[in-house]
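This is what each chain is made of:
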Amino acid sequence: MYTQSNRINFIPLFIILILLFTAFVFWYEKQAGERAQDDIREHAHIIADDLWNYNYQGAAEYLRLVAGTRHYQRISVISHNGEVFQEFSVGDLSTFESLGLKLKLIHKISLVSPIQRGNYFIGWVEAIWIPQTFVTHIAVFAFLGMGLLVVQLYQRVLLQKRFMERRVEERTADLLKAKTEAEKLSQHLTVVGTEIQALLDNSPVGIFFVAYNRTIKRVNPEVTKITGYTQDELVGQTTRMLYASDEIYTTLGNKHYPILRRDGYCEATSEIVRKDGSPLTCYWRAKTIVSEDGMDGVIWSLEDISLRLKMEEELLKVRKLESIGVLAGGIAHDFNNILLAIVGNISLAEMMAKEDAKLTEILVSARKASLRAKDLTAQLLTFSGGGAPIKIAGTLPELLEESAMFVLSGSNVKCTLDFSDDLWPVRMDRSQINQVIQNLVVNADQSMAEGGEITISCENIDNSSGIVSGLSGRRYVSVTVQDSGTGMPKEILDKIFDPYYSTKEKDSNKGSGLGLAVVHSIIKKHDGLVIVESAAGEGSRFIIYLPAIDDQSTPVTEI
């Protein structure tokens with residue numbers, strides 16, 4: 001039987017072998033170093049003649065050749081006054097050299113040799129030399145490894161019999177334990193599977209399990225709510241069915257899948273098309289499924305962000321209006337002061353020029369223009385926040401009719417009124433709501449230069465079920481102003497409430513770009529909402545929502 005004493009007797013022989021090989025390696029490195037020093041002396045002797053005869057190009061070419069063939073990491077010529085005349089570097093080390101240096105199995109050696117021509121000292125050659133002894137070191141380590149392997153095998157053979165009986169006993173116990181653990185694992189996987197399925201079924205975002213070829217393998221119920229497709233319609237199809245065209249499908253794939261291959265994760269925002277054909281802006285997040293054979297597929301999560309984007313857009317618009325409103329308010333106050341002086345002086349001039357009819361006519365025209373400018377400052381103050389609404393409870397029909405008829409007096413446009421019975425009262429500022437209706441009717445009238453029809457309707461809206469997005473779940477009264485004019489293209493609808501933006505020509509009567517901005521500002525201060533629907537050649541429809549009074553005991557004034 002293999003004993004401890006046998007192992008101890010084997011160790012000294014193994015140590016002697018290691019020492020012999022180590023001595024051989026050190027001797028080999030010493031011999032290599034001496035040869036390298038002889039080589040550097042020979043290089044110095046060769047370039048001495050070139051330097052003495054001013055053949056610098058020949059010396060440089062020789063050193064370049066030496067640097068590339070003699071395993072120098074760097075070789076340089078330094079003149080007698082200490083200046084570097086020429087220096088060459090090999091560049092990157094080989095893999096073996098880098099590994100040998102990192103493991104400290106080989107060492108860089110500095111070599112120096114003077115350059116002389118007879119008794120005249122020209123300079124010296126310096127070099128960093130890397131010994132090519134790595135293979136020898138590898139042989140030593142290989143030998144040591146083989147020795148250790150032999151020892152290991154020798155010990156294992158002797159101990160194998162002893163371990164065999166014990167392993168048979170342990171194996172029986174392990175099999176019983178493995179069976180018990182397998183049963184527990186099966187139960188755990190069943191529970192985990194149930195939990196994961198519940199998580200998928202109740203997830204607030206849609207989840208796709210997609211193969212690498214973009215074929216849909218599985219989806220959760222939220223996907224069907226977002227896209228309108230059933231699970232049976234989606235599974236087995238590619239995600240192409242979610243996009244409007246092959247070009248969009250291909251472009252998005254070429255953009256996102258290289259990122260998934262590189263990072264294993266990707267985020268994107270894109271527009272998909274629901275089953276009913278309606279577009280939907282969605283936020284996607286993807287994570288690759290990696291198996292032993294590589295990337296097996298992708299898990300995509302899908303979130304409908306259309307409403308969030310719309311709210312963010314509205315918030316940005318409100319902030320823009322507020323910032324411009326501050327500026328507009330300051331200008332309006334200063335402009336009012338100037339107009340006060342202008343109108344006062346014009347009135348004095350009218351009194352002094354009563355006998356001059358021509359001059360009086362000019363002054364009257366100037367005073368009317370100044371008063372129109374005063375109306376513009378009133379709009380600026382309302383827009384800027386200077387005109388905070390003074391709200392009283394009242395109903396809308398009479399105010400709507402008076403405002404519309406006043407604007408359309410003498411116009412070739414017909415106005416139709418359609419008010420529901422028992423309209424709820426609202427709390428509002430009469431003059432400001434009058435200004436809103438007049439601005440909307442003026443815009444409608446100007447869009448129908450050849451004549452047409454304006455319809456103003458009013459009805460109660462209970463938004464407790466959230467049928468109108470952007471409003472709270474309370475009661476509202478809606479006012480709709482619809483015309484049969486030229487309408488507006490889709491691309492400008494998001495801009496029409498911006499201050500000073502106008503689609504009409506700019507003159508003294510129209511095109512200031514403040515009318516709809518003032519409408520938006522007034523309705524916002526009334527805690528309401530204004531929506532526009534329009535298309536080129538199909539007319540426009542403005543819908544205003546004003547909060548209804550919930551307390552029926554509040555006194556109501558007929559306006």
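Up top is the structure.
Residues numbered from 1 in each chain as written. Predicted model: local features only at pLDDT ≥ 70, side-chain atom pairs only at ≥ 80, totals over all residues. Heavy atoms only, no water.

A. Quick look at the sheet that holds strand β13 (residues 452–462). Across the sheet, which stays open at both edges, the five strands sit in the order β11-β13-β14-β16-β15 with mixed pairing between neighbours. Unpaired on one side and paired on the other, β11 (413–419) and β15 (529–534) mark the two borders of the sheet. Sheet twist, expressed as the mean angle between neighbouring strand axes with direction ignored, is 15°. Pairing analysis gives seven bridges linking β11 to β13, with the strands arranged parallel. Paired with Leu417 across the bridge in β13 is Ile456. Lying on the sheet, helix α10 (residues 397–407) is in contact with β11, β13 and β14 (475–483); it crosses β11 at an angle near 175°. (Pairing = 2+ DSSP bridges. Helix = DSSP H or I, 4+ residues; strand = E, 2+ residues; numbered from the N terminus. Axes fitted to C-alpha atoms, helices over the stretch in contact; angles between N-to-C directions. Contact = heavy atoms within 4.5 Å.)

B. Quick peek at helix α7 (residues 246–263). The terminal C-alpha atoms of α7, which comprises 18 residues, lie 26 Å apart, in line with the 26 Å expected from a rise of 1.5 Å per residue. Along α7, the positions that sit buried rather than exposed are Tyr249, Leu252, Gly253, His256, Tyr257 and Leu260. The first or second residue beyond α7 is Gly264, which carries a positive phi of 75°. (Expected span 1.5 Å × (residues − 1). Buried < 20%, exposed > 50% of the residue type's maximum accessible area, 1.4 Å probe, protein only.)

C. Fine view of the side chain of Asn220. Structurally, the position occupied by Asn220 is in the loop between β6 (216–219) and α5 (221–227). On the basis of relative accessible area, Asn220 is assigned to the buried category, the value being 1%. Reaching out from Asn220, the side chain makes a polar contact with the backbone oxygen of Val205 at a distance of 3.1 Å. Setting aside anything within four residues of it in sequence, one finds Asn220 in contact with Leu200, Ser203, Val205, Gly206, Ile207 and Gln231. (Polar contact = N/O pair within 3.5 Å; in protein donor to acceptor, adjacent residues only side chain to side chain.)

D. Representation of the pairing of strand β3 (residues 109–117) within the structure. Sheet topology places β3 next to strand β4 (residues 120–129); nine bridges connect them, and they run antiparallel. Residue pairing across strands places Arg117 opposite Tyr120, the latter belonging to β4. Remark: two residues form the turn of the hairpin made by β3 and β4, two consecutive strands paired antiparallel; Gly118 in that turn has positive phi of roughly 70°.

E. Layout of empty space enclosed by the protein. Under the defined criterion, the tally for this structure stands at one cavity of 30 Å³ or more. Roughly 150 Å³ of volume is contained in the largest cavity. Contributing to the lining of the largest cavity are 13 residues, with Arg214, Thr239, Tyr243, Trp284 and Trp300 lying nearest its centre. The dominant element in the lining of the largest cavity, judged by the number of residues it contributes, is α7, at four residues. (1 Å grid on protein atoms, 1.4 Å probe; cavity = no way out; pocket = protein on both sides within 12 Å on 5 of 7 lines; lining within 4 Å. Points joined across faces, edges and corners; volume = space filled by probe spheres on them.)

F. Examining the packing of aromatic side chains more closely. In total, this model carries four aromatic pairs according to the counting rule given. Between the aromatic rings of Phe208 and Trp284, the centroid separation amounts to 5.8 Å while the plane-to-plane angle is 35°, which identifies the pairing as tilted. Of this pair, Phe208 sits in strand β5 (residues 206–211) while Trp284 sits in strand β8 (residues 279–291), and the two are 76 residues apart along the sequence. The exposure class assigned to Phe208 is buried, which follows from its relative accessible area of 0%. Under the relative-accessibility criterion, Trp284 is labelled buried at 5%. Ring centres 5.6 Å apart and planes at 90° place the aromatic pair Trp284 and Trp300 in the edge-to-face group. Linking Trp284 in strand β8 with Trp300 in strand β9 (residues 294–304), this pair joins segments that are 16 residues apart in sequence. For the pair shown, Trp284 and Trp300 are each scored as buried. Here the aromatic residues Phe208, Tyr257, Trp284 and Trp300 are joined through ring pairs into a cluster of three or more. Above the ring of Trp424, the side-chain terminus of Arg475 is found at 4.1 Å from the ring centroid. (Phe/Tyr/Trp six-rings, centres within 6.5 Å; stacked < 30°, edge-to-face > 60°. Lys NZ or Arg CZ within 6 Å of the ring centre and 35° of its normal.)

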